[in-house]
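# Structural features, examined
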Amino acid sequence: MKKRGTRLSQLMIIFMAVAVILAGCSGGGGNSASGGNSPEAPKENGSNTGTNQAESAESQLFELGKEPLEFTLYGNYDWYTMPKWGADETTAWVKENKKVNITEIPNGGNTVQKLNTMIASGDLPDVIWGERGADVERLREAGLLVPLDDYIEKYPNLKKWLDPKAMNMLRSPDGKLYQFPNWYTNRPNGNAGWVVNKKIYNELGSPKLETTDDLYNYLKLVKEKYPDVIPLETDLASEGHGLDQIYSAFKENNLSFPRYFAVPNGDKMTSIYKDEPFRESVVYAAKLFREKLMTQDAMTQTRDQVQEKLMNGRVAVYTSSNPTLYAMQAHAALTQNDPDAGYFMIWPIHKEGLDKNKIYPGTYNMLGWNAAVITTSAKNPEAIFAFLDWWTGPEGMTLQMWGVEGEFWEGREADGITPKFTEKYTLEKEKLADYQAKMDPLMWVGNTVYVDDIKGKFEATLPESERNWSTYWQYEITWKTQGDATEFINLFPLPDTEEGITFQSGKDIWQKARAQALYAKTDEEALAILDKAHEDTMAIGFEKLLDYYTQRWHENLKMIQGN
């Protein structure tokens, strides 16, 4: 740390009494990244010292736009590709006005190999964006991550908007915070659920569509009457989209994550393959698939292909963990030419006899989706944090959701954070939906509460016909039907531990079994595949991993309860 000692002028030497007083009130300003004072700073604050120190701390904040900031970002998902920074109007504005330029480090479609190579070589990007948990802890244990605690205290937004309980749950075993969360919240949110083609539904007489039996009968009717239409679109079933929502229909209070291959049973985590509702859902999905009531390329299609089908109105029912992203765009496009077309959402499908209000096609947690971490390769980690904190704040989120000032919004309300929306917000829904979809890959540190509050307040002033499609259904259905799964986060073990190795082997078994079961020719074959997967998983030591899950789960419960 570079320090400046207190210098006494000749006048102060002559007047020693005055010098003592001045020395007690003057502090040496530090140049450290943490903004600390030099050792000569006084221990007792005088009447003016608090102001001086506040001004000093303020001056040590990294100010976006004052000097250039360039950093690299790596998305740790095989499917992720970052749009070129500066190629669109919004990031071009940020690049010009905030002097921020971000360059993607491509993942090559194989993130496991890519991340391992980067760690082994020590050639890391400045920011890694991906799942919380195992990979983050692996990087932390290797000493490759920058703790964020000091920065959080200096910059305003994450400290303001992130719930203290969520912040505690984000902390690593060493007690420090390394992860900047994405779409964190303190209230229900999420978009998982069921979307229905309005025109087809009305032409078929608007039949009852509530239970799994209703859905089966409806899909059969669609197949019969509309041979060129896909009865049920499931998005990327290879990642669980669609299949997880079908599973939710067969079980009340289903807050477990299939990605753990485990479900809670009493106070323990147990194998998902023996969970009766899960087995029912697999048999049901296989039946839909072999009767061609479900998209036949569920395991191989791309997101672009799913979007194209929806945009063309060739889907009767669509279910996914985030169906509003594409359905919103498709609805806007279809209704532009035909007001009777488009899509709407229904209350989650449930098995007959279950309480429909306890069915959760998706879950949320206070920590949100994933997180960004800053690596030790970053030349100026505080500057990067300053950008992320700004990006998650009112100004950054306004840009991400509604673009630069002048089109969808103009000026701000008296509170200084609420944009004043223009008539284009409601008149050009398709353009806004398309904009938000294109910005989605750049939303690394989304602020759920800010966005939802802003949208909600404005949308409530509009007639139903003018409301944003996605926001309308969030308020009507999806936010009411997502389960709070905060207690089940961060269960993944470190990959180089015994439990981590077991998890990876178990994941291979899971992915293979899920695909095979979907292609099963009979119900019996589907169940046999699940039984075999259970046996294979237990043979690799899965019981010990289940014990690990149980321990982490109970630790989460204690943190949530404040213990």
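In this numbering scheme, every chain counts its residues from 1 along its sequence in written order. The predicted origin of the model limits local features to residues at a pLDDT of at least 70 and limits the giving and counting of side-chain atom pairs to 80 or more, whereas totals for whole chains, interfaces and linings rest on all residues. To obtain the side-chain values, all non-hydrogen atoms of the structure were included, while hydrogens and water were left out.

### Concerning the sheet that holds strand β1 (residues 69–75)
Strands pair in a sheet through their backbones, by hydrogen bonds, and they do so in one of two ways: parallel or antiparallel. As a reminder of what qualifies: Any two strands with at least two DSSP-identified bridges between them are counted as paired. Secondary structure elements are taken from DSSP: a helix is a run of H or I of four residues or more, a strand is a run of E of two residues or more, and numbering for both begins at the N terminus. A fitted line through C-alpha atoms represents every axis, and for helices the fit uses only the stretch in contact; the resulting angles, taken between N-to-C directions, go from 0 to 180 degrees. What makes two residues a contact is simply this: any of their non-hydrogen atoms within 4.5 Å.
Within the open sheet, the 5 strands sit side by side as β2-β1-β3-β12-β4. Their pairing is mixed. With one partner strand each, in any of the chains shown, β2 (100–104) and β4 (179–181) form the two edges of the open sheet. Averaged over all neighbouring strand pairs, the angle between strand axes comes to 30°, with direction disregarded. Bridge count for β1 against β2 is 5 bridges, and the pairing is parallel. Counterpart to threonine 72 in the pairing with β2 is threonine 103. Running over the sheet, helix α16 (residues 381–391) touches β1, β2, β3 (127–130), β4 and β12 (371–374) and is turned about 75° from β1.

### Some words on unusual backbone geometry
Residues other than glycine seldom take positive phi values, yet tryptophan 183 does so here, at roughly 60°. With respect to the helices and strands, tryptophan 183 occurs in the loop between β4 and β5 (193–197).

### Things to note about the confidence of the model for the protein
In regions of low pLDDT, the predicted coordinates are not meant to be interpreted in detail. For clarity, the cut-off: For every residue, the predictor reports its confidence as pLDDT, a number between 0 and 100.
Averaged over every residue, the pLDDT of the protein is 88; residues scoring 70 or more account for 89%. In the model, residues 1–57 has pLDDT below 50 throughout and makes 39 contacts with residues more than four positions away in sequence or in other chains.

### Observations concerning the packing of aromatic side chains
Defined as follows: When the centres of two rings from Phe, Tyr and Trp lie within 6.5 Å, Trp using its six-membered ring, the rings pair. Their planes under 30 degrees apart give stacked, over 60 give edge-to-face, and anything left gives tilted. Burial here depends on accessible area, computed with a 1.4 Å probe over protein chains only, as a share of the maximum for the residue type. Under 20% is buried, over 50% is exposed, and the range in between is partly exposed. Whether a charge sits over a ring depends on NZ of Lys or CZ of Arg being within 6 Å of the ring centre and within 35 degrees of the ring normal.
The full count for this structure, using the stated rule, is 37 aromatic pairs. When the ring of tryptophan 79 is compared with that of tyrosine 80, the centres are 6.0 Å apart and the planes differ by 80°; the resulting orientation is edge-to-face. Judged by relative accessible area, which is 3%, tyrosine 80 ranks as buried. Geometrically, the ring pair formed by phenylalanine 492 and phenylalanine 503 is edge-to-face, given 5.1 Å between the ring centres and 70° between the ring planes. With a gap of 11 residues between them, phenylalanine 492 in the loop between β15 (482–484) and α22 (498–518) and phenylalanine 503 in helix α22 connect regions that are remote in the sequence. Taken together, Tyr247, Tyr260, Phe261, Tyr273, Phe278, Phe492, Phe503, Trp510 and Tyr549 form an aromatic cluster joined through their ring pairs. It is lysine 356 that lies over the ring of tryptophan 347; its NZ or CZ is 5.8 Å from the centre.

### Observations regarding the environment of lysine 114
Counting through the fold element by element, lysine 114 comes out in helix α5 (residues 111–121). Through-space distance from the C-alpha of lysine 114 to that of aspartate 78 is 9.9 Å; in sequence the pair is 36 residues apart. Those residues within four positions of lysine 114 in sequence are excluded, and the remaining contacts are Tyr74, Ile105, Pro106 and Asn107.

### A look at the pattern of salt bridges
Our working rule: Salt bridges are defined by distance alone: a side-chain nitrogen of Lys or Arg within 4 Å of a carboxyl oxygen of Asp or Glu.
Applying the stated criterion across every chain, the model contains 23 salt bridges. With a closest N to O distance of 2.7 Å, aspartate 214 and lysine 208 form a salt bridge. On the basis of relative accessible area, aspartate 214 is assigned to the buried category, the value being 14%. The salt bridge partner of glutamate 555 is arginine 552, with a shortest N-O separation of 3.5 Å. With glutamate 555 and arginine 552 both in helix α24 (residues 542–560) and 3 residues apart, the pair spans about one turn of that helix.

### Here's the deal with the packing of helix α13 (residues 276–290) against α22
Operational definition: Angle categories are assigned with fixed cut-offs, so that under 35 degrees is roughly parallel, over 145 is roughly antiparallel, 65 to 115 is roughly perpendicular, and the rest are oblique. Nonpolar residues are Ala, Val, Leu, Ile, Met, Phe, Trp, Tyr, Cys and Pro. Charged residues are Asp, Glu, Lys and Arg, and all others, Gly as well, are polar.
The contact between α13 and α22 brings their axes to 8 Å, and the two run at 50°. With respect to α22, the axis of α13 lies oblique. The segment α13 lies against α22, with Phe278, Val282, Ala285, Ala286 and Phe289 engaging Trp510, Arg514, Ala517 and Leu518. For the contact of α13 with α22, the residue count by class is 8 nonpolar, no polar and 1 charged.

### Quick look at the sheet that holds β5
Taken in spatial order, the 4 strands make up an open sheet running β6-β9-β5-β10, and their pairing is mixed. Of all the strands in the sheet, the pair left with one neighbour each is β6 (230–233) and β10 (343–346). Strand-to-strand twist in this sheet, taken as the mean axis angle between neighbours without regard to direction, amounts to 20°. Two strands pair when backbone bridges link them, and β6 and strand β9 (residues 315–320) are joined in this way by 3 bridges, in the parallel orientation. Bridge pairing in β9 places isoleucine 230 opposite valine 315. In the packing of helix α14 (residues 303–311) onto the sheet, contacts are made with β6, β9 and β10, and the angle to β9 comes to roughly 140°.

### Regarding the nonpolar core
This is how the line gets drawn: The definition of a nonpolar core used throughout is a set of buried Ala, Val, Leu, Ile, Met, Phe, Trp, Tyr and Cys residues joined through side-chain atoms within 4.5 Å.
By size, the foremost hydrophobic cluster in this structure holds 66 residues, and its most contacted members are Phe387, Trp402 and Trp444. In terms of residue count, the dominant contributor to this core is α16 (8 residues). Sequence-distant contacts of phenylalanine 387, defined by excluding residues within four places in its chain, comprise Leu64, Leu69, Phe71, Trp85, Val94, Val100, Ile102 and Trp444. Ranked by size, the runner-up nonpolar core spans 54 residues in total, among them Leu204, Val229, Leu243 and Phe344.

### Examining the pairing of β9
Counted residue by residue, β9 has 6 buried out of 6 residues, so it is predominantly covered. Sheet analysis places β5 next to β9, joined by 4 bridges and oriented antiparallel. Bridge assignment links glycine 193 to a residue of β9, and that residue is serine 320.

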